[in-house]
Amino acid sequence: MNYEEKILELWEREGRHIARMNQEKPKYFITAAFPYPNSPQHIGHARTYTLADVMARYYRLLGYSVLFPMGFHVTGTPIVAMADRIKEGDKELFEIFEKIYGIPREQYTKLTDPKDLVLFFANEIETGMRRMGYMIDWSRKFYTFDPKFERFIHWQMKKLYDKGFLIRGKHPIPYSPRLNSSVGAHDTKGDIDPEIEEYTGILFESPYGYLVASTLRPETIYGITNIWIREDVEYIVLETDKKIIVSEEAWKRLKYQFSNYREIGRLKGKELIGKNVKVPLLGIEIPIIHGSIVKPEEGTGIVMSVPGHSVYDNFEYRKLKREYPIIISINGKPSDAGQRIPENGDLEMANKELYRDEFTNGYHIPLKMSVKEARERTKEDLYRIDRAIRIYKIANGPIYSRAGDEVVVKILDDQWFINYGDRSWKRLAQEHLNSMKIIPEEFRTRFKNTIEWLDRKACTRSRGLGTRFLYDQSQIVESLSDSTIYMAVYILVPYLNNYRVEQLDESFFDYIFYGIGKPIDSTHERMREEFLYWYGVDARHSGVDLITNHLTFYIFNHVALFPKEKLPKAIVTNGSVLMDGKKMSKSLGNIIPLKRAIEQYGADTVRMAVVANSDIKSDTNFSDTIAKGIKERIHGFIELFRRKGEGNVDIQNWIRTRFYSRLKEIKELYSNYEIKRVADSLFYEFYNDLQWAIRRGMNSIPDDVIRYWNIAMFPIIPFTTDMLHRELFGRSIYDETLEIPDVKTQPHPEDLFREMIQDLETLRNLREFRSVRIGIAKPWKFEVYRLLSERVKMQDIIKKYPEAKDLISKLKNRAYTIEFKYSHREIMDYLVKNRNWIESNMNISVEIGEEMERYALPDKPEFLIR
RNA sequence: GCAGGGGUAGCCAAGUCUGGUCAAAGGCGCCAGGCUUAAGACCUGGUCCCGUUGUGGGUUCGUGGGUUCAAAUCCCACCCCCUGCACCA
C-alpha cells in the first residue's frame, strides 16, 4: 500500500469529509455538476472536480464549514440505450469497454438492466473520486431516479406551472419509426447527433389540391417560372382542412410530421404535367413541367423552379430555351445562376456558393431590401395568408438508428416546454447575473447572451430514466430540466429516511424552502434550519460547455423559485483536458481512465496535472512527460523536507524571506482561482530557491517553512502534504488553518549574491580564469539607487550627483521603477563573509574591493578576471 | 448566419484589464557540462540575430496604421484559427 492509500484510510476513519452545520462558523457550499454514470471516468472528468475540491479545501483552511456533496444524474436515454446495446451485443461498445477502460467481458455483459448499469458505473466513479481525495460528504449521495427525488421535481414543476412558465405546443424531434422513439446521438449508427432544419413548404394551388414545394429560400418565389415534378413518380393527395399533394416517396418520411392528414387519392406525375398552378403572393399562374433533376424522396418531391437563382433549376430550365427573371443583385450587378453552371458539372458546389453569396451580399430587387430581410418578410407573408406549412428535415442526414432504419422528423403535437423566452423571467435572470461572481470573468457575456437567446425548452420526453412529469405521468422530465435546483436536495438527503414518499408533498417542501406552514415534526424543522444555514450555493463548478445550457437554466430556475438570499453566488467554469495536445475521444483511443492514471502517477500528481498546469479558462494538456515531471518533483520535496541537520543561518533566513514573500500572495491567488500561479510560486520556483539554498549550505529546511508550505499546498496535493505533516509535526493539516504569519520579508543580500554567482558562472563558461576581483559600486551609486527607489525627481538627483547622469541613462526605463534597498556597507560585508564559499565552490581565488573601472552597479558588481 | 474565445520565440504557454522593472515567466525539445560502469532520472549553464564570446547593439509578440517620451499591452482596420447554436447528457 502506498502512502496515498494509507492517508486516505486515515481520512475516512477520522471522518474528515463529513460536513456538519455549525452556527459558530461561516459556511461554504460548493457543488460540481454531478456525473452521468454511463462509463468510467477519465482524467478529463477530473478537472472540474479537482478544482472544486481544491477550493473546498482552501475554504476549509480559512475556517469555513464546507459542504461539498455529490450525487448521480441518471436521467435520460443514453444509459437505457447503452443497456440495450449491451443486450444486442454491440461490438463497437464492447471494444471501448475492454480496450479503453479495461472492464472484463463477464462484468459488462451482465449490465443489461439500466439500473445495474447505473449502480456499476456510479460505484466505479465514487471509488475514483474517493481515491482522488475529494472532500466529498458521501452521506448525501442520491440518484435522480429515486422516488423521493421525483417528489422534489414535482414540487419544482408545480411552482413553475403556477408562475406560468410551463407551456404546451408543437415540437419537432428526431425519430426512429422502428425504435418507436426519439433518437439522440447515442441511438444512432456512428453516434451522430441528428440536427433538424426547418424548411418552408409553399402551397401552390392546382386543380387537385395544393402542390407543396419545400425550400430554404422562400424569397426566391419572386423569380419563379414553373413547378418541377417527375412524370414517372406517384403523388399522393392528403387532406385535413385543406388538400395537399406530395410524392409518395417523400410522404414516407413526412407522414410523421403530419399525423392529422389522411390519404384521399393518388396521381401519376403525368396527370399533373401541363396543368397550371397559382403562385401565392404573386397571383400569377405557372405551368407544371417534368424535371429530371427532381428526386422523389427529397423534400416533397415537388420543386419550385427559380432558374435565375438556383443552379439546378437553371441547368434544367435552359433545355427549354426560355427567358427567366433575375430578382437578386449583388453589389448592383444582377446575380444570375446561369453564369455559375460549372464546367465540371459539380452543381452542388456551385449552388452552395450561389446560396451563400446571395444570402450574405444579395439585394432583393422586388422587395427592395437585403435578401436576409426579404426571406423573413416572405416567410411571414406566406404564413399570414396560409399558403405555407413548416416542413422539417434531418439536416445532416441520412442518419440511421441503431435499429437500422432512417431517422426522420416527428412532430409532437402536445409537447411541454419551460418557457425561457418569457421576457420578465429573462429580466430577473439578467439582474441576478449582474450580482453574481462569474469565474473566469471573461465568460460573463456568454451567460448574458445565452439568457437572451434561450427560448422555450422541451422539458419532457417519452423514454428514459428519471422522474415522471407531474402534468403528464406518461412522460419523463427531460434531463436538463430536472437538474437545475437539485443542489438543495443534498441538504435534505440525510433526513429523508424518516419519511415515506407520499409524505413529500408540496407543503412538505414549501415549509423547508419557504417557511410556509408548520413543521410536521422536529426533523422537518431541522431540515428547514439546515436549508437556511447552507443554502445559497457559494460556488458551482462545471466545464465551460455547460454555460449555454445547464448553468443558464440553473440561474433561471433559481431566480424563479428562491428568494434573493438563497440564489447562487458564483459560477466557476474550467476548460477541458487534452491528451498530448489532442482532444480525447473514443475513436482516437487516447482516453486515459482516471483509475489507470492514479495507479500510474498517484492522485496528487493527477490533481496537480489537471488543475495547476494552465489557466482556468483554457484547455489543459495532459501527457506522460508532464505527469512524470510532477511526480518526480513531489518526491523531490519529500526528500528535501526529510533532511536533518544544522546549517548556514544566513541562508535559512534567506529562504524564509523568499518563502514568506511568496506565501503572502497565496490567499489572493487561491481566491482568484489562480491555481497555476500557486503551483508556479510554491512548487516550481520555490523548489529552485531550495536547490540554491542547499548548495549554499542550508542542510535542512526550517520547520516553519515546511509547516506553512504543507498547509498552503494542501488544497492541491493533500495526500503528500498531510502525510508529511503527520510525520514531521505529529498532526493533520485538517486541524490547521491557513493563517499567514506577519513575517517581515525585506530583501536579503543573498538575492544579489545569487545573481552575482550566476553571472560569474556564465562568465566562466565563456572564458577560463583562475582568479577574480569583485568590485562593488562606489557608495554614491548606492545613494543614487536609493533616491531612485524613493522616486526622487531625476533632475534633483542629477543636481546632487552630476555623475549620475550617465548611470541613469544607462538604466534607461528601469530608472523609473527601480527597487533597491541594500546599502554599500551591507553588500560589502556580505561578500566578504562569503568570499571563502566562492573560492572553494568555484575553485578560484577571490579578492573583494571597491570598483576600479566604471562598470559596477549597486546590483551588479564588476568582475576583473585573470 | 448569430454568439463567444484566440493568434507571443522550434513547440506548448504566461504576460494584455492596471503601458515603463519585457528579448518577454514556466514547461517541452535541442546543445554543453556535472553525476553515473552506462542509459534514464536529477543538477548547472546555454538556446532571436550581431558583436574575438563580461553589464553592448539590432530586430521581434498575426498584418497594416494610429495614440504616447515609451506599446506584446491602449485605439482603428484587415487576415487567419477554434468553440457553441438547443430539447442532447
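Small disclaimer: the values here were computed from a predicted structure and weren't measured.

Please give an account of the side chain of Ser176 that cites residues and values.
Secondary-structure assignment places Ser176 in strand E3 (residues 166-176). Excluding its chain neighbours within four sequence positions, the residues that come into contact with Ser176 are Ser181, Val183, Ser401 and Asp405.

Tell me about helix H20 (residues 603-611), and please be specific about residues and values.
Since there are 3.6 residues in each turn of an α-helix, residues three or four apart along the chain are aligned in direction. For H20, the buried fraction is high: 9 of the 9 residues fall into the buried class. Ala603, Asp604, Thr605, Val606, Arg607, Met608, Ala609, Val610 and Val611 are the residues of H20 that are buried.

Residue-level account of the side chain of Thr484, with values.
Of note, Thr484 is situated in the loop between strand E24 (472-477) and helix H15 (487-496). When its relative accessible area of 0% is taken as the criterion, Thr484 is described as buried. Within the structure, Thr484 has its side chain in polar contact with the side chain of Gln156 (distance 2.8 Å). Apart from residues no more than four positions distant in its own chain, Thr484 is found in contact with Gln156, Phe553, Tyr554, Asn557 and His558.

Give me the lowdown on the nonpolar core, citing residues and values where you can.
Core analysis: the biggest nonpolar cluster contains 209 residues, and Ile43, Phe68, Phe513, Phe683, Trp709, Ile716 and Ile838 have the highest contact counts within it. Not counting residues within four places of it along the chain, the set of residues in contact with Trp709 comprises Phe637, Phe641, Phe659, Leu682, Phe683, Phe686, Ile717 and Thr721. Residues Ile224, Ile328, Ala374 and Ala388 belong to the second largest nonpolar core, which totals 30 residues.

How would you sum up the protein's contact with RNA strand B? Please name residues and give values.
The local shell around RNA strand B holds 48 residues, among which Tyr36, Arg461, Ser479, Asn549 and Phe863 are the closest. Of everything in RNA strand B that lies within 4 Å of the protein, sugar and phosphate atoms constitute 57%. At a separation of 3.3 Å, a base oxygen of RNA strand B approaches a polar side-chain atom of Lys457. Class assignment for the residues of the surface near RNA strand B results in 15 nonpolar, 17 polar and 16 charged.

I'd like a description of the layout of surface pockets, backed by residues and values.
Estimates place the volume of the second largest pocket at around 1,200 Å³. Only strand E5 (196-206), strand E6 (209-215), strand E13 (303-305), helix H10 (311-317) and helix H11 (347-361) provide two or more residues apiece to the lining of the second largest pocket. For the lining of the second largest pocket, the element with the most residues is H11, which contributes 5 residues. By residue class, the composition of the lining of the second largest pocket is 11 nonpolar, 9 polar and 9 charged.

Describe the confidence of the model for chain A, and please don't skip the residues or the numbers.
Predicted confidence across chain A gives a mean pLDDT of 87, with 97% of residues reaching 70 or more. Prediction confidence for the complex, expressed as pTM and ipTM, is 0.87 and 0.87 respectively.

Tell me about unusual backbone geometry, and please be specific about residues and values.
Residue Pro440 is reached from Ile439 by a cis peptide bond, and omega for that bond is -5°. Relative to the assigned elements, Pro440 resides in the loop between strand E20 (437-439) and helix H14 (444-453). Positive phi, normally seen in glycine, also occurs at Lys368, with a value near 55°. Its place among the elements puts Lys368 in the loop between strand E16 (362-364) and strand E17 (369-370).

With reference to specific residues and values, describe the packing of helix H23 (residues 675-695) against helix H24 (residues 703-713).
It is the contact of H23 with H24, at a shortest axis distance of 11 Å, that shows an interaxial angle of 140°. Classified by the interaxial angle, the pair formed by H23 and H24 is oblique. In the packing of H23 onto H24, the handedness of the crossing is left-handed. Contacts between H23 and H24 involve Val678, Leu682, Phe683 and Phe686 on the former and, on the latter, Val705, Trp709, Ala712 and Met713.

Break down the sheet that holds strand E27 (residues 577-579) for me, with residues and values.
If you walk across this open sheet you meet the 3 strands as E28-E27-E29, and the pairing is mixed. The open sheet has two edge strands with one neighbour each: strand E28 (582-583) and strand E29 (620-622). Strand direction decides the pairing type here: E27 and E28, joined by 2 bridges, are antiparallel. Looking at E28, one finds that Leu578 is bridged to Lys583. Along the sheet, helix H2 (residues 43-61) contacts E27 and E29; its crossing angle with E27, the most-contacted strand, is approximately 150°.

Could you give an account of the pattern of salt bridges, with specific residues and numbers?
Evaluated as defined, the whole model comprises 65 salt bridges. We note a salt bridge from Arg607 to Asp53, for which the minimum N-O separation is 2.7 Å. Linking Arg607 in helix H20 with Asp53 in helix H2, this pair joins segments that are 554 residues apart in sequence. The exposure classification of Arg607 matches that of Asp53, with both residues buried. Between Glu88 and Arg402 there is a salt bridge whose closest N-O contact spans 3.0 Å. On the criterion of sequence distance, the pair formed by Glu88 in helix H3 (residues 78-88) and Arg402 in the loop between strand E18 (388-394) and strand E19 (408-419) is long-range, its members being 314 residues apart. Shared partners join several salt bridges into a network, and the residues in it are Glu14, Arg16, Asp722, Arg726 and Asp735.

Residue-level account of the packing of aromatic side chains, with values.
On inspection of all chains with the given rule, the structure shows 68 aromatic pairs. Here the aromatic rings of Phe152 and Phe509 are separated by 5.8 Å at their centres, their planes lie at 70°, and the arrangement is edge-to-face. Here Phe152, found in helix H7 (residues 147-162), pairs with Phe509, found in helix H16 (residues 506-514); they are 357 residues apart in sequence, far enough to count as distant. Just as Phe152 is buried, Phe509 falls in that class too. Stacked on the ring of Tyr383, the Lys or Arg Arg390 has its end atom at 4.5 Å from the ring centre. A cation sits over an aromatic face here: Lys410 above Tyr175, 4.5 Å from the ring centre.

Tell me about helix H31 (residues 835-842), and please be specific about residues and values.
By the burial criterion, the buried members of H31 are Trp837, Ile838 and Met842. The arc that holds every buried residue of H31, seen down its axis, measures 100°, which confines them to one face. Residues of H31 that are exposed and point over 90 degrees away from its buried face: Asn836 and Ser840. At the C-terminal side of H31, Asn843 shows a positive phi close to 60°.

What counts as what
- Residues numbered from 1 in each chain as written.
- Chains lettered and ligands numbered in written order.
- Predicted model: local features only at pLDDT ≥ 70, side-chain atom pairs only at ≥ 80, totals over all residues.
- Heavy atoms only, no water.
- Helix = DSSP H or I, 4+ residues; strand = E, 2+ residues; numbered from the N terminus.
- Contact = heavy atoms within 4.5 Å.
- Buried < 20%, exposed > 50% of the residue type's maximum accessible area, 1.4 Å probe, protein only.
- Polar contact = N/O pair within 3.5 Å; in protein donor to acceptor, adjacent residues only side chain to side chain.
- Core = buried A, V, L, I, M, F, W, Y, C linked by side-chain atoms within 4.5 Å.
- Near = heavy atom within 4 Å.
- Nonpolar A, V, L, I, M, F, W, Y, C, P; charged D, E, K, R; others polar.
- 1 Å grid on protein atoms, 1.4 Å probe; cavity = no way out; pocket = protein on both sides within 12 Å on 5 of 7 lines; lining within 4 Å.
- Points joined across faces, edges and corners; volume = space filled by probe spheres on them.
- pLDDT = per-residue confidence, 0-100.
- Axes fitted to C-alpha atoms, helices over the stretch in contact; angles between N-to-C directions.
- Parallel < 35°, antiparallel > 145°, perpendicular 65-115°, else oblique.
- Left-handed = near helix turned anticlockwise from the far one by under 90°.
- Pairing = 2+ DSSP bridges.
- Salt bridge = Lys/Arg side-chain N within 4 Å of Asp/Glu carboxyl O.
- Phe/Tyr/Trp six-rings, centres within 6.5 Å; stacked < 30°, edge-to-face > 60°.
- Lys NZ or Arg CZ within 6 Å of the ring centre and 35° of its normal.
- Arc of directions from axis to C-beta.

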